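Structure assessment
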Amino acid sequence: MSEEMVLSIYRGDANGGQEEEYRVPLETGMVVLDALHYVQAEAAPDLAVRWNCKAAHCGSCSAEVNGRPRLLCKTRLDQYVGQVVHIRPMHAFPIIKDLVTDVSSNYRVAKQIPAFQPRTPAPFTMYQRDVDRVQEFHRCIECFLCQDTCHVLRNHGGTDQYFGPRMMAKVAEWEMHPMDVADRRQFLKDVAGLPMCNVTRCCVDVCPEHIVITDNAIIPLKERVADQYWDPIRALFRRFHRPAEGAVPGAGSDVSSRA
Amino acid sequence: MTTNKKSSSNVNVETIERHQYDVVIVGAGGAGLRAAIAAADGQAKVAVISKSLLGKAHTVMAEGGVAASLGNVDADDSWDTHFYDTMKSGHFINNYEVVELYTKEVADRVLELESWGAVFDRTPVGKIMQRPFGAHSFRRLAHIGDRTGKELIRTLQYQVIHHSVDVFQEVTTTRLLLDKEGRTAGVFGYYREDGRFVIFQAKSVVLATGGFGKAYKVTSNSWESTGDGAAMAFQAGAELMDMEMVQFHPTGMVWPPGVRGLLVTEGVRGEGGLLYNSQHERFMLRYDPVLHELSSRDVVARSIYKENLAGRGTPHGGAWLDISHLPAAVVKSKLPGMYEQFLSLADVDITKEAFEVAPTTHYAMGGIRVEAATGATNIPGLFAAGEVACGLHGANRLGGNSLGDILVFGRRAGMAARAYADDHDQGDLMSGQMEDEAQRVLAPFSRTQGERPYQLMAELQEIMTNYAGMVRSRDTLETGLEQLKTLQERSTRMVISGSRAYNPGWHTIFDVQSMLVLGEAVIRGALAREESRGAHWRTDFPEELPEMGAWNFVHTFQEGTVVVRADPVPAMPDRLARLFESNQSPGILRKQQRAARRGGDS
């Protein structure tokens, strides 16, 4: 097979740049990352691309191929035969160089999520049917493609107002853990910006691990927050039954205030 | 490794960014992160230096599980059975002290992860599920599908960011800094983002930099596994051991070419996958009549090789692995990563058909020689844990023992480094050392012509694969050594264009240099070990020889050359040696005795 592919790769940094064309011979089963490695070895040793495992486990090689957020290691090149393959860095994050972006904002907000707080130390008795739901979120490889595609972050520069879909999945992972006793509702409403999400499900479309972030993480979290803050019957109940400071619902309130 | 060509811009070390910590941990895989949590458990100021982004290290690729004798599904399991399995599969050149500590502590480390939010698959009664794996006496590997490494690193990563630990992401370290007495004083490195230098002063340093599987062409290792830490420590005076012991995992992907070497978890065989040759014969029944497909990795890898030699290989030189006899739903729930990996990268549906596998470079059993309880090296203030260290696995690592290794010895090294920092003052940095290093690191930019780093990387991988791979002999090893020495010489003239900002070609230079040093140790160790043992297979010495089993080969770096000596393998005390009197593991014996008693009663 001696088909030649044309890759149009973004070269540049914070000061600007443009796409440059490179030619790569197509091999059976080749992925876009293989093609970029070919370019590095043959034409542009300083072409910046972030990658680690090349097995879709680590989530390092996120970029945009022909306009779609993708893992470069999982994107087969043969699907683009007859087209120019445009490869650009993730749009929602500040560029460092070429295809590498500054994703540090994700780590900054992750720190603020109130951590898992078990009722008792392990070993836990938990049944598979009870953990199936949270194990879905454990599939996340932190590629941040969902953050890249989320229009709050991508088009409205909302990094400071909304933690983004990845972090909602992380909160859900702990919040729905059968043994967790922390209460993250106030944190979700006031700090993490959960109400900013208007459930367009774009994050679900790009998730390489097929996590149904919107339906299984974000909507249930929104329901928890709504139950707590906007349920009229509960509001009435709270008006007449005000618990003593810090008594109920237990550890929850002080964890939230720590965040 | 010196250059006589002065860079035009001499570096003023006073202007280099500096940080002061009590404990600096180099490496952010499982061992590094577990060490950080242990080191930060108190007042110590702790930093983790990561070559890539946090949570991306090679640990993330571990699939099958973590081996711990919890006994959740097989109540007869126990630490001494795990000890027996580990020593036996390591062909008795492991350090028994390391193995004893490991097998006694690893269950607690797994439960600790559960307390931190890791969610392992469950048994019907709600405990942590355990799966069978090669050469383990019982079902022992706690797992979450086939993504256990990801679960470990993610859990540890979120623990670390909720501790007071500073994480420096995408920093390459190039040199260990010593004070004038030869004590650890810090590390020198650069930010990959813009190439600017950074110096970390530290009272103690933990190396948790992983293995060097990238030295081989076909490998399951990610780009990071280039042995930086081991090479850095070795050149600073640390001892390496068992470097000839490189594990070739029997089942890597073979086709298409781009994924060659990618790991196919042993969990496939653990869940019931069967190996066939081109004549549809289950050849493992011949090579290991007892354990079959679940024999140890060295045996299965060699068997696949031998089948190919006999002309019974698959179209791309491997064997068929088949799990399609299981219900598709089971395959998808227990091996979701494998299902997805083959479907998207190879157009193969593993629930419907067999797929090709062949051995792939997987793990370095050898590494920095350390004390069992602390991970202390022979350099004061320098500790090592995880794949970069050596002693637990001997001549062959059991599946699931590396995820346990990083937890048990990451923690121990972190605690020991903190204790060391409590008792010692910061060593003085020597400015000459830093100036030399800055100039060495920048030299490739000042050359106008020279060797291309990617070319040298490819040649290095070719040499190691062809001459120091799964099959070795004096002839291949000597040829390999000769070629490697030439390559080492050429590697001092590597050149790079472009700027210091995120320049992968420049980064590759240091990866190549590290692996050239370690590659030499692998070859010299393999030459010294004139026998076949575990992963080390010499066609000119095909037998395992009792007299060779008494020795570990230890490497020191003297004036640019790797020097090998033989040190005696520590002898087990009677209480442990007794476990090996019968040819059965203690747990299996207990089980048999109980069955016999029951039989006698009835």
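Residues numbered from 1 in each chain as written. Chains lettered and ligands numbered in written order. Predicted model: local features only at pLDDT ≥ 70, side-chain atom pairs only at ≥ 80, totals over all residues. Heavy atoms only, no water.

1. A look at the domain arrangement of chain A
Interfaces are often sized by the accessible area lost when the parts come together. All names here are of chain A. Under the domain assignment, chain A is made up of domain 1 (4–101) and domain 2 (104–258). Taking only C-alpha atoms into account, the centre of domain 1 sits 33 Å from that of domain 2. Counting the surface lost from both domain 1 and domain 2, the interface buries some 1,200 Å², and carbon and sulfur atoms represent 55% of this. Among the residues domain 1 hides against domain 2, the three largest losses belong to Pro69, Ala92 and Phe93. Together they make up 39% of the total. In this assembly, domain 1 and domain 2 are joined by one salt bridge. Within the residue set of the side of domain 1 that touches domain 2, elements represented by two or more residues are strand E3 (62–65) and strand E4 (68–71). Top contributing element to the side of domain 1 that touches domain 2 by residue count: E4, with four residues. (Domains from an automatic or database assignment. Buried area = accessible area lost by both parts, 1.4 Å probe. Salt bridge = Lys/Arg side-chain N within 4 Å of Asp/Glu carboxyl O. Helix = DSSP H or I, 4+ residues; strand = E, 2+ residues; numbered from the N terminus.)

2. As for the interface of chain A and chain B
The partner chain B presents 58 residues to the 62 residues of chain A that form the contact. Roughly 4,800 Å² is buried in total at the junction of chain A and chain B, and carbon and sulfur atoms are behind 54% of that figure. Our enumeration of links across chain A and chain B arrives at five salt bridges. The salt bridge partner of B:Glu170 is A:Arg50, with a shortest N-O separation of 2.8 Å. Applying the counting rule to chain A against chain B returns 39 residue pairs in polar contact (both at pLDDT 80 or more). (Contact = heavy atoms within 4.5 Å. Polar contact = N/O pair within 3.5 Å; in protein donor to acceptor, adjacent residues only side chain to side chain.)

3. Here's the deal with the packing of aromatic side chains
Aromatic rings in a pair are described by how distant their centres are and how their planes are angled relative to each other. The final tally for this structure, using the stated rule, is 22 aromatic pairs over all chains. A centroid spacing of 5.7 Å and a plane angle of 90° characterise the contact between A:Trp174 and B:Tyr158, whose relative ring orientation is edge-to-face. Within this pair, whereas A:Trp174 is found in helix H6 (residues 165–175), its partner B:Tyr158 is found in helix H4 (residues 148–161), the two belonging to separate chains. For A:Trp174, a relative accessible area of 3% gives the class buried. Residues B:Phe188 and B:Phe197 carry aromatic rings whose centres are separated by 5.1 Å and whose planes lie at 45° to one another, so their mutual orientation is tilted. These aromatic residues form a ring-pair network of at least three members: B:Trp79, B:Phe83, B:Tyr84, B:Phe92 and B:Phe580. Note that B:Lys45 overlies the ring of B:Tyr21, its terminal NZ or CZ placed 4.6 Å from the centroid. (Phe/Tyr/Trp six-rings, centres within 6.5 Å; stacked < 30°, edge-to-face > 60°. Buried < 20%, exposed > 50% of the residue type's maximum accessible area, 1.4 Å probe, protein only. Lys NZ or Arg CZ within 6 Å of the ring centre and 35° of its normal.)

4. Overview of the packing of helix H14 (residues 474–491) of chain B against helix H15 (residues 504–528) of chain B
When two helices pack together, their arrangement is captured by the angle between the axes and the distance separating the axes. All names here are of chain B. Look at H14 against H15: their axes get within 10 Å of each other, and the N-to-C directions meet at 160°. Compared by their axis directions, H14 and H15 come out roughly antiparallel. When you trace H14 past H15, the crossing you get is left-handed. Counting all contacts with H14, which are made through Arg474, Leu477, Glu478, Gly480, Leu481, Leu484, Lys485, Leu487, Gln488 and Ser491, the residues of H15 involved are Gln513, Leu516, Val517, Gly519, Glu520, Ile523, Arg524, Ala526 and Leu527. Looking at side-chain class alone, the contact of H14 with H15 contains nine nonpolar, five polar and five charged residues. (Axes fitted to C-alpha atoms, helices over the stretch in contact; angles between N-to-C directions. Parallel < 35°, antiparallel > 145°, perpendicular 65-115°, else oblique. Left-handed = near helix turned anticlockwise from the far one by under 90°. Nonpolar A, V, L, I, M, F, W, Y, C, P; charged D, E, K, R; others polar.)

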